[in-house]
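Residue-level structure breakdown
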Amino acid sequence: MPKGLAGVSVTDTRISKSASDGSLVYRGYPIAELAANAGFEETAYLVLKGKLPTKTELGAFTKGLRSRLDVDRKVFDIMRDLGKEAHPIDVIRTSASALGSIDQEESVEGKEMSLEAKMSVLAANCLRVPRGEDPRRPKEELGFSDNLLQMLTTRKADEYERWVFERVLIFYMEHDMNASSFTVRVVASTLADPYAAAAAGLASLKGPLHGGANEEAMKMFLEVKDPAKAQEFLQSAFKQGRKVMGFGHRVYKQFDPRARLCKEYLREMLKKRRGDDSLYRLCDGIEKGMWEAKKIPPNLDYYAAPIFYLLGIDVPLYTPIFAASRVFGWMAHYNEQVEENKLIRPDAIYVGPAGLKYEPIESR
Ligand code: ACO
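What this report covers is the structure whose coordinates are included nearby. From a predicted model like this one, the values you see are computed outputs, not experimental measurements. (Residues numbered from 1 in each chain as written. Predicted model: local features only at pLDDT ≥ 70, side-chain atom pairs only at ≥ 80, totals over all residues. Heavy atoms only, no water.)

**Focus on the pattern of salt bridges**
For the coordinates displayed, the defined rule picks out 22 salt bridges. Put simply, Lys263, Asp284, Glu287 and Lys288 are held in one network by salt bridges that share partners. (Salt bridge = Lys/Arg side-chain N within 4 Å of Asp/Glu carboxyl O.)

**Some thoughts on the sheet that holds strand S1 (residues 16-19)**
An order of S1-S2-S3 is seen for the 3 strands of this open sheet, with the pairing classed as antiparallel. In the strand order of this sheet, the two ends are held by S1 and strand S3 (29-30), each with one partner. The pairing of strand S2 (residues 23-26) with S3 spans 2 bridges and is antiparallel. Bridge pairing links Val25 to Pro30 in S3. (Pairing = 2+ DSSP bridges. Helix = DSSP H or I, 4+ residues; strand = E, 2+ residues; numbered from the N terminus.)

**Observations concerning the side chain of Glu112**
Here Glu112 lies in helix H6 (residues 108-125). In this structure Glu112 is buried but unpaired, with Lys49 as the nearest side chain of opposite charge at 7.3 Å. Once residues within four sequence positions are removed from consideration, Glu112 is found in contact with Pro194, Met331, Tyr334 and Asn335. (Buried < 20%, exposed > 50% of the residue type's maximum accessible area, 1.4 Å probe, protein only. Lys, Arg positive; Asp, Glu negative; His and termini not counted. Contact = heavy atoms within 4.5 Å.)

**A few points about the pairing of S2**
Across the two faces of S2 the burial differs, with Leu24 and Tyr26 buried and Ser23 and Val25 not buried at all. Note that S1 and S2 share 4 bridges and pair antiparallel. Each residue of the ladder has a partner; that of Ala19, found in S2, is Ser23. With antiparallel pairing between neighbouring strands as the criterion, S1 and S2 make up a hairpin whose turn holds 3 residues, including Gly22 at a positive phi of roughly 90°. Adjacent in sequence and paired antiparallel, S2 and S3 are bridged by 2 residues, among which Arg27 carries a positive phi angle near 50°.

**Concerning the packing of helix H14 (residues 278-294) against helix H15 (residues 300-310)**
Look at H14 against H15: their axes get within 11 Å of each other, and the N-to-C directions meet at 170°. Relative to H15, the element H14 lies roughly antiparallel. Across the interface between the two elements, Leu279, Leu282, Cys283, Asp284, Ile286 and Glu287 from H14 touch Tyr302, Tyr303, Pro306, Tyr309 and Leu310 from H15. For the contact of H14 with H15, the class distribution of residues is 9 nonpolar, no polar and 2 charged. (Axes fitted to C-alpha atoms, helices over the stretch in contact; angles between N-to-C directions. Parallel < 35°, antiparallel > 145°, perpendicular 65-115°, else oblique. Nonpolar A, V, L, I, M, F, W, Y, C, P; charged D, E, K, R; others polar.)

**Notes on a negative patch on the surface**
Together, Asp70, Asp72, Glu140 and Glu141 give the surface a local cluster of negative charge. Mapped onto the elements of the fold, Glu140 is located in the loop between H6 and helix H7 (144-152). Given the relative accessible area of 53%, Glu140 is considered exposed. (Patch = residues over 30% accessible without salt bridge, like charges linked within 9 Å, V, L, I, M, F, W, Y side chains within 5 Å. Areas by Shrake-Rupley, 256 points an atom, 1.4 Å probe, with all protein chains shown as cover. Charge placed at Lys NZ, Arg CZ, Asp CG, Glu CD.)

**With respect to the site of the ligand**
In the region of the ligand, 17 residues are neighbours, and Lys243, Val244, Phe247, Arg250 and Asn299 sit closest. Between a nitrogen atom of the ligand and a main-chain N or O atom of Leu209, the distance comes to 3.1 Å. Val244 places a main-chain nitrogen or oxygen 2.7 Å from a nitrogen atom of the ligand. Taken by itself the ligand offers 910 Å² of open surface, and the protein chains cover 65% of this. Of all the cavities here, the one that holds the ligand is the largest pocket. Looking at side-chain class alone, the shell around the ligand contains 9 nonpolar, 5 polar and 3 charged residues. (Near = heavy atom within 4 Å. Polar contact = N/O pair within 3.5 Å; in protein donor to acceptor, adjacent residues only side chain to side chain. 1 Å grid on protein atoms, 1.4 Å probe; cavity = no way out; pocket = protein on both sides within 12 Å on 5 of 7 lines; lining within 4 Å. Sits in = over half its atoms within 2 Å of the grid points.)

**Remarks on empty space enclosed by the protein**
Under the criterion given, the structure shown has 1 cavity of 30 Å³ or more. Estimates place the volume of the largest cavity at around 100 Å³. Glu41, Thr62, Leu65, Arg66, Leu69, Ala117, Ser120, Leu142, Gly143, Phe144, Asn147 and Leu148 are the residues that line the largest cavity. Breaking the lining of the largest cavity down by element, the ones donating at least two residues are helix H3 (55-66), H6 and H7. (Points joined across faces, edges and corners; volume = space filled by probe spheres on them.)

Structural data, given as C-alpha cells:
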C-alpha cells in the first residue's frame, strides 16, 4: 500500500492540477498566466465556478463577499475567551465552528460566501483579539486582498507590494488534492455543512508538514540571519536529521512554480527598497545548498514567508493568511464533491492479529 496515498488518484476533478514538471493550472489556466493578469476575486470566481467571470458576474460576486464581511460580536467574544496562549489556527477553527452555529444564511452558496468573506476577518484578528486587543475591521470599499492586508498590518504597503500580496494569495488559493482539501472532501462526502468541512480543513492545515511550514521557514530565516551562515545551518540540520521547513513537495520534484514567482517578487521588492538585500541572499543561499545536497526544491511557503515579513506581518499570522485564501479552494472542492457525491469510505488492509482469546482483566 503506498504510504500517505502517494501517487493514488482519489477522484476526478476539474478544479486544478499540479504536476511533477512544475506546472500548475487552475481550471485550465496556467498559474503564471493568472498571476500576470488576474485579480484575487476574479481567480476565486474561476476556481469556484469553472470560468472567468464577466464584468457583471465579477461585480455581483465581489458585492456578495463584501456584504458578508461583518463578523458577529459573539465570535470575537469566543476568540477573546480562548486567551493569548491559543494557537491562531485553533482560534480560527473554533471561530469557524461558531460562525456555523449562528449563521443566518439559508442557501449553501450563501453559507460558503459568508465563510469565504469572514475567514479573512478571522485570520486578521486571531492573534490580536485573544490578546485582549480590539478587532480590526474590514473596509467595504476595498478589494479582498487590500482589505486583508490593511487588517493584518498597520504598515502602509506601496502599489507593487500590494500587487505581490495579491499574487501570493492567488497561489495559496488552490492546489488539487492537498491534505486539507482532501479532508474537506471527506467531510463534504458525509453531506455535513460547509462550516464543518472548513473547520476540518483548518485542522488539517495547522500541521507543519502542510500550512504551518511558512511560519517555520520564517523562524529559520530569523534564526540564521546571516547569508554566510546558510551552509553551516544546513549541515547542522542534516546532521540532526531535521527537515528544513519550506522545502520538498509531494508533487513538485524539480521546482514549485509558485515559489519561483515569489522568489522574483521578493528580489524586486528588495530592489525597489534599495536597502539591505541579505534576506534574499540568505533564502537563495539555503535554496542552493539544499539543491546541491539533496536535490530538493523550495515550495511556496519558503518564499511566501519573507514576502509576508517584508510587508510587516507578524509571523504567527502566516498560516492564517494561507487559510483565508485556501477557503475558496476548499469550497470549490466541497461543491464538486457534493455535486457528484459518493461517501468517501475507503478500505484498509488489515495487518493485525486475528482470533485472539479474551483474557479477563484480573489475569492480564
Ligand atoms: N528537508 C529535508 N529533507 C526532506 C525535506 C525537507 N524539507 N522534504 C523531504 N525530504 C526528504 C525526506 O527526508 C525523505 O528522505 P529519505 O527518502 O532519505 O527518507 C525524502 O526527501 C522524501 O520526503 P518525504 O517526506 O517522504 O516526501 P513526502 O512527499 O511525503 O513529503 C513534504 C512532502 C511533507 C512536504 C516534505 O517535503 C516536508 O516535510 N517538507 C517540509 C514541510 C513543508 O515545507 N511543507 C509545506 C508543503 S507545501 C504547502 O503546504 C504549501
